[in-house]
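# Chains, contacts and geometry: an overview
What follows is each chain in one-letter form.
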Amino acid sequence: MSADGLIVVDKPGGMTSHDVVARVRRLARTRRVGHGGTLDPMATGVLVIGVGRATRLLTYVIGAGKSYTATIRLGQSTVTDDAEGEVVASTPAGAVTDEAVRAALAVLTGEIDQVPSAVSAIKIDGQRAYKRVRDGETVELPARRVTVSRLDVLAIRRDIPDVVDVDVDVTCSSGTYIRALARDAGVALGVGGHLTALRRTSVGAFTLAEAATLDQLEERAPEVVNLSLDAAADRYFPRRDATAEEARVLSHGGPLDPVGIAGPYAVFDPAGGLIAIVSERDGRARAEIVLAPA
């Protein structure tokens, strides 16, 4: 198995994404490991890990659409908009109807301007927002345009007095904060809200069905990569097969003639090896990154 490739990890709760990277570095016996999109410590599920040259693919993975299952608790607000933060306000939510819940969530679908949680990894003047909050600062982040393409209500539960728990299934663009959806639904209903559970079920084409737990990776170390660099690129990008001469030119950073593929796309040599990720502009097909072995 190639040491260069992707791993789809089922991240456990209680670990940061960096914790998972550190574990994979040890298992794969290489420092060249990165992740394709942060998951909060509370969250579980799909975390795409790149090893070796495949770390250069992660910039594309980070921008992929994502899906989640989550539980929104109405009736309580927290400082972090999720269950890891201190409860800062409680408002009895028992009188909120199922219809009102569904209507509030329906408003949060489509293209929306979302203000991220103040306790987030977004940088302000070079420092993470969550660090500024922990240092006692009041942080106000600007709204950003995101797309919530699907927000299905799976269940509305009233098991605990004065709170309403709403299980949802969400598909959204990169950069969408699910805990901000919980917060905004609570604000709209006048009772506050936060996230009590979050599980990422997919990142682009990578799903929980193929995810490995850290225990499973431990058992097969150091052969932890389950999707080689070539296979990962073939699966994630449109494909172009190059002639031997095209492969030679492209592997040295030269341009190719365009073929009309909406980019970025992956170009492979006649033996099936990945050469580069390419996009077409100004009448030429040029490499965004060259991945052919030196």
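Residues numbered from 1 in each chain as written. Predicted model: local features only at pLDDT ≥ 70, side-chain atom pairs only at ≥ 80, totals over all residues. Heavy atoms only, no water.

## Observations concerning the environment of Leu 105
For Leu 105, the position within the fold is in helix α3 (residues 98-106). Separated by 80 residues in sequence, Leu 105 and Ala 185 place their C-alpha atoms 6.1 Å apart. The residues touching Leu 105, leaving out its near neighbours within four places in the chain, are Ile 72, Leu 151, Val 153, Val 166, Val 168 and Ala 185. (Helix = DSSP H or I, 4+ residues; strand = E, 2+ residues; numbered from the N terminus. Contact = heavy atoms within 4.5 Å.)

## Quick word on the pattern of salt bridges
Two side chains of opposite charge can pair, provided their charged atoms sit close to one another. All chains considered together, the criterion is met by 21 salt bridges. Residue Asp 241 is joined to Arg 239 by a salt bridge in which the shortest nitrogen-to-oxygen separation is 2.9 Å. Overall, the relative accessible area of 36% leaves Arg 239 in the partly exposed class. (Salt bridge = Lys/Arg side-chain N within 4 Å of Asp/Glu carboxyl O. Buried < 20%, exposed > 50% of the residue type's maximum accessible area, 1.4 Å probe, protein only.)

## Concerning the side chain of Arg 73
On the secondary structure map, Arg 73 appears in strand β4 (residues 66-74). Of note is the side chain of Arg 73, whose polar atom sits 2.8 Å from the side chain of Asp 165. (Polar contact = N/O pair within 3.5 Å; in protein donor to acceptor, adjacent residues only side chain to side chain.)

## Some words on the packing of aromatic side chains
What the rule picks out here adds up to three aromatic pairs. Seen from their ring centres, Tyr 60 and Phe 237 are 5.1 Å apart, and the 85° between their planes marks the pair as edge-to-face. Residue Tyr 60 is located in helix α2 (residues 58-62), and its partner Phe 237 is located in the loop between α7 (229-236) and β15 (239-241); the two are separated by 177 residues in the primary sequence. Accessibility assignment for this pair places Tyr 60 and Phe 237 in one class, buried. (Phe/Tyr/Trp six-rings, centres within 6.5 Å; stacked < 30°, edge-to-face > 60°.)

## With respect to the nonpolar core
Membership of the largest hydrophobic core comes to 47 residues, with the highest contact counts inside it found for Ile 7, Val 24, Ile 49, Leu 105, Val 166, Ile 178 and Leu 217. Those residues in contact with Val 24 that sit more than four places away from it in its chain are Ile 7, Arg 29, Val 33, Ile 49, Val 51 and Leu 217. Of all hydrophobic cores here, the second largest spans 24 residues; its members include Tyr 60, Val 61, Phe 206 and Ala 266. (Core = buried A, V, L, I, M, F, W, Y, C linked by side-chain atoms within 4.5 Å.)

## Let's talk about the pairing of strand β3 (residues 44-51)
Among the eight residues of β3, eight are classified as buried, and the element is accordingly described as predominantly covered. The sheet contact formed by strand β1 (residues 5-11) and β3 spans seven bridges and is antiparallel. Across the sheet, Leu 6 pairs through a bridge with Gly 50, a residue of β3. Of the pairings in the sheet, the one linking strand β2 (residues 33-35) to β3 comprises three bridges and is antiparallel in character. Across the sheet, Gly 34 pairs through a bridge with Gly 50, a residue of β3. Pairing of β3 with strand β12 (residues 193-203), which is carried by two bridges, proceeds in the parallel orientation. By the bridge assignment for β12, Thr 44 is matched with Arg 199. (Pairing = 2+ DSSP bridges.)

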